[in-house]
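Structural characterization, general
Below, each chain spelled out in residue letters.
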Amino acid sequence: MKSHLGHPVFSLLAETAQNNAIEAYVIGGFVRDILLHRPSKDIDIVVLGNGIEFAELLGAKLKTKVNVFKNFGTAMLRYNDLELEFVGARKESYRADSRKPIVEDGTIEDDQLRRDFTINALAISLNKDNFGQLVDPFGGVDDLDNRIIRTPLGPEITFSDDPLRMMRAIRFASQLNFSIDPEALAAITKQKERISIVSTERITDELNKIILSPIPSVGFNYLFDTGLLHIIFPQMANLFGVDIINGKGHKDNFYHTLQVLDNISLYTNDLWLRWAAILHDIAKPATKRFEEGHGWTFHGHEDKGSRMVPQIFAQLKLPLNEKMKYVQKLVQLHLRPIVLAQEVVTDSAVRRLLFDAGEDIESLMTLCNADVTTKNEYKVKKYRNNFELVKQKLKDVEERDKVRNWQPPITGQDIMDIFGIKAGKEVGLIKNAIREAILEGEIPNRYDQALEFMLNKGKEFGLTPITQQ
Ligand code: CTP
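How each quantity is defined
Residues numbered from 1 in each chain as written. Predicted model: local features only at pLDDT ≥ 70, side-chain atom pairs only at ≥ 80, totals over all residues. Heavy atoms only, no water. Near = heavy atom within 4 Å. Polar contact = N/O pair within 3.5 Å; in protein donor to acceptor, adjacent residues only side chain to side chain. Areas by Shrake-Rupley, 256 points an atom, 1.4 Å probe, with all protein chains shown as cover. Core = buried A, V, L, I, M, F, W, Y, C linked by side-chain atoms within 4.5 Å. Buried < 20%, exposed > 50% of the residue type's maximum accessible area, 1.4 Å probe, protein only. Contact = heavy atoms within 4.5 Å. Salt bridge = Lys/Arg side-chain N within 4 Å of Asp/Glu carboxyl O. Helix = DSSP H or I, 4+ residues; strand = E, 2+ residues; numbered from the N terminus. Phe/Tyr/Trp six-rings, centres within 6.5 Å; stacked < 30°, edge-to-face > 60°. Lys NZ or Arg CZ within 6 Å of the ring centre and 35° of its normal. Axes fitted to C-alpha atoms, helices over the stretch in contact; angles between N-to-C directions. Parallel < 35°, antiparallel > 145°, perpendicular 65-115°, else oblique. Left-handed = near helix turned anticlockwise from the far one by under 90°. Pairing = 2+ DSSP bridges. Nonpolar A, V, L, I, M, F, W, Y, C, P; charged D, E, K, R; others polar. Expected span 1.5 Å × (residues − 1). Arc of directions from axis to C-beta.

Surrounding the ligand, one finds 13 residues, the nearest of these being Arg-32, Asp-116, Asn-120, Asp-162 and Arg-171. A distance of 3.0 Å is found between an oxygen atom of the ligand and a side-chain nitrogen or oxygen belonging to Arg-115. Within the side chain of Arg-171, one N or O atom sits 2.9 Å away from an oxygen atom of the ligand. Considering the ligand on its own, with 560 Å² of exposed area, one finds that the protein chains cover 70% of that surface.

In structure tokens form, the structure reads like this:
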């Protein structure tokens, strides 16, 4: 491993250790990421003894400020673009009702044993007699090779000590496309309720990392199968299942949603667009009906789903800002391009879609493409062709009419000024009528034509322009 410690900071660390007769190791994510060929800038150092004192010795040598977190017994310093964290080797035990450990000094192996997973418990020596040697008492390298998430200790202890690790196990499995060791999986299933002592922010942080992983269904399948999803995000777990009436079933909306999420993840790394994929059918269970002679329907699931978004965001402590509005809008509009693609694509329908989606039209088209999950090759082809048609039409109409992020050429203020009236119902009605006429293609998107239309509309309400009064 020596060749991976070429950065000058490692010889400085080794020198500090040597001069002060302290044993030190690089440990955790940094070592794992070397073996996974993923460069990392966060370096965790564990020393046998006092981590803060060691950090201060190095800080003095580098003439760099050291941030000390006395309560945690840790210290941090920056060196160029690297962030180094220092801690003393620990032997820990936990109480049943808290994530806060009782800590004692320990050996390097004690420290490795108390870490979450074997792949995160690898260490590299910074000591003179074995500098660069990998210290792997729990088979972390084998687990990396076999693509397995396993705990160094019995999994029930590891997860009970810190229940956030149940989410972390699933997050690493999803990020790396690893499987979780069956014993560890059984322990998560057994102790899932202990997730309740973890803060929502931390849970959601892990959930977002699962969502951002290359194939997010890997993580979501684990969340569902262990029962964690039912606790942290019950609305999504509720998508699972198929009802059958008169021999007719509908598709399983949980697995459909996972397919849409995996599909969209091939095209975007945007967390919020991926959230829109997760939530697009979230109201299907609540709107499900069986209609005689027709089969299963989910009328209005896009409206209801869009209305469910703020509550779900609040529950998961996701931001209640423009990101949420973006997700709401995509959930609300997710059926529109499909409906459009099934009919003759008229200019006015395209203009309306552009007007409603505004700058989010590309996101909406990406979502709709991902929403095609039928196994029927013929149908897939048909949908994709129709989408191409819709896309072409969107381009044509946008070039000609510029409806995206468009404001009608006549404002409410113009209407009030021209007719000399105060704000009121008529202003809204006239404004709407102008917008509709332009979107329907009755008049072009131009001021003079809109003005003429407005004057005629005014007449219907008995209004005359100020200039003629
Ligand atoms: N760790 C742990 N239990 C936790 C969190 C962290 O045992 N609940 C240990 C692991 O050894 C981990 C190290 O602390 O490797 C650093 O944790 P962190 O920085 O959170 O994670 P990384 O493993 O570095 O991975 P990532 O940066 O992807 O979060």
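This brings us to the nonpolar core. Ile-45, Leu-84, Phe-220, Trp-275 and Leu-279 are the most contacted members of the largest nonpolar core, which totals 131 residues. Among residues more than four places away in sequence, those in contact with Ile-45 are Leu-13, Ala-24, Tyr-25, Val-26, Phe-54, Leu-84, Glu-85, Phe-86, Val-87 and Leu-126.

All told, the structure shown has 23 salt bridges when counted by the stated rule. Measuring nitrogen to oxygen at the nearest pair gives 3.0 Å for the salt bridge that ties Glu-15 to Lys-61. Taken together, the residues Glu-15 in helix H1 (residues 8-19) and Lys-61 in helix H3 (residues 51-62) connect sequence positions 46 residues apart. Arg-114 is paired through a salt bridge with Asp-111; the nearest N and O atoms lie 3.5 Å apart. Residue Asp-111 is classed as buried on the basis of its relative accessible area, which comes to 0%. One network of salt bridges, with partners in common, ties together Arg-352, Arg-435, Glu-436 and Glu-440.

For the structure shown, the criterion picks out twelve aromatic pairs. A centroid spacing of 5.9 Å and a plane angle of 40° characterise the contact between Phe-10 and Phe-30, whose relative ring orientation is tilted. With a gap of 20 residues between them, Phe-10 in helix H1 and Phe-30 in helix H2 (residues 29-35) connect regions that are remote in the sequence. Exposure class is identical for Phe-10 and Phe-30. Each is buried. Look at Phe-290 and Trp-296: their rings are 5.1 Å apart centre to centre, the planes differ by 70°, and that puts the pair in the edge-to-face class. We classify Trp-296 as buried; its relative accessible area is 17%. In this arrangement the basic side chain of Arg-171 is found over the ring face of Phe-172, its NZ or CZ atom lying 4.2 Å from the centre. A cation over a ring is seen here: Lys-284 above Phe-298, with NZ or CZ 4.6 Å from the ring centre.

What follows concerns the packing of helix H23 (residues 425-439) against helix H24 (residues 447-460). Where H23 meets H24, the closest approach of the two axes is 10 Å, and the angle between their N-to-C directions is 135°. When the axes of H23 and H24 are compared, the pair comes out oblique. Our pair here, H23 against H24, has a crossing hand that is right-handed. On H24, the residues that touch Ile-430, Ala-433, Ile-434 and Ala-437 of H23 are Ala-450, Phe-453, Met-454, Lys-457 and Gly-458.

Both faces of strand S1 (residues 24-27) are covered, namely the face carrying Ala-24 and Val-26 and the face carrying Tyr-25 and Ile-27. Relative to strand S2 (residues 42-47), S1 runs antiparallel, the two being bridged by four bridges. Of the residues in S2, the one forming a bridge with Ala-24 is Val-47. Two elements, S1 and strand S8 (residues 123-125), share three bridges in a ladder whose sense is antiparallel. Directly across from Ile-27, in S8, lies its bridge partner Ala-123.

What follows deals with the pairing of S2. Bridge count for S2 against strand S5 (residues 82-88) is six bridges, and the pairing is parallel. Bridge pairing in S5 links Asp-42 to Glu-83.

Before going further, it helps to examine the packing of helix H17 (residues 322-333) against helix H20 (residues 361-370). Between two packed helices, what matters for the description is the angle formed by their axes and the separation of those axes. Interaxial distance between H17 and H20 falls to 10 Å at its minimum, and their mutual angle equals 55°. By the angle between their axes, H17 is oblique relative to H20. Pair H17 / H20 crosses with right-handed handedness. Each of Tyr-326, Leu-330 and Leu-333 in H17 lies in contact with H20, whose residues at this interface are Ser-363, Leu-364 and Leu-367. Taken together, the residues that form the contact of H17 with H20 break down as five nonpolar, one polar and no charged.

So, about the sheet that holds S8. Across the sheet, which stays open at both edges, the seven strands sit in the order S3-S4-S5-S2-S1-S8-S9 with mixed pairing between neighbours. Looking along the sheet, the strands with just one partner apiece sit at the ends: strand S3 (67-69) and strand S9 (134-135). Judged from the six bridges that link them, strand S4 (residues 74-79) and S5 form a sheet pairing that is antiparallel. The partner of Met-76 across the bridge, within S5, is Glu-85. Its contacts with the sheet place H1 against S1, S2, S4 and S5, and it is angled at close to 25° to S5. The strands touched by H3 within the sheet are S1, S2, S3, S4 and S5, with S4 carrying the most contacts at an inclination of about 20°.

Looking at the element boundaries, Gly-247 is found in the loop between strand S12 (244-245) and strand S13 (248-249). Look at Gly-247 and you get exposed, because its relative accessible area is 68%. Along the sequence, Gly-247 and Gly-295 sit 48 residues apart, while their C-alpha atoms lie 10.0 Å from each other.

A separate point is H3. Taking 1.5 Å per residue, twelve residues should reach 16 Å; H3 reaches 16 Å between its end C-alpha atoms and fits that length. Buried residues of H3: Gly-51, Ile-52, Phe-54, Ala-55, Leu-58, Gly-59 and Leu-62, and no others. Taken around the axis of H3, the buried residues stretch over an arc of 160°, which confines them to a single face. Exposed positions of H3 whose direction lies more than 90 degrees from the buried face are Glu-53 and Ala-60. The opening residue of H3, the one whose side-chain oxygen lies 2.9 Å from the backbone nitrogen of Ile-52, is Asn-50. One or two residues past the end of H3 sits Lys-63, with phi positive at roughly 55°.

If you check helix H9 (residues 200-211), its first and last C-alpha atoms are 16 Å apart, about what twelve residues at 1.5 Å a residue would give, namely 16 Å. Listing the buried residues of H9 in full gives Ile-203, Thr-204, Glu-206, Leu-207, Asn-208, Ile-210 and Ile-211. Check the buried side of H9 and you find it contacts helix H7 (164-176), helix H10 (217-226), helix H11 (228-232) and helix H14 (271-279).

Keep in mind these numbers describe shape, not what the thing actually does.
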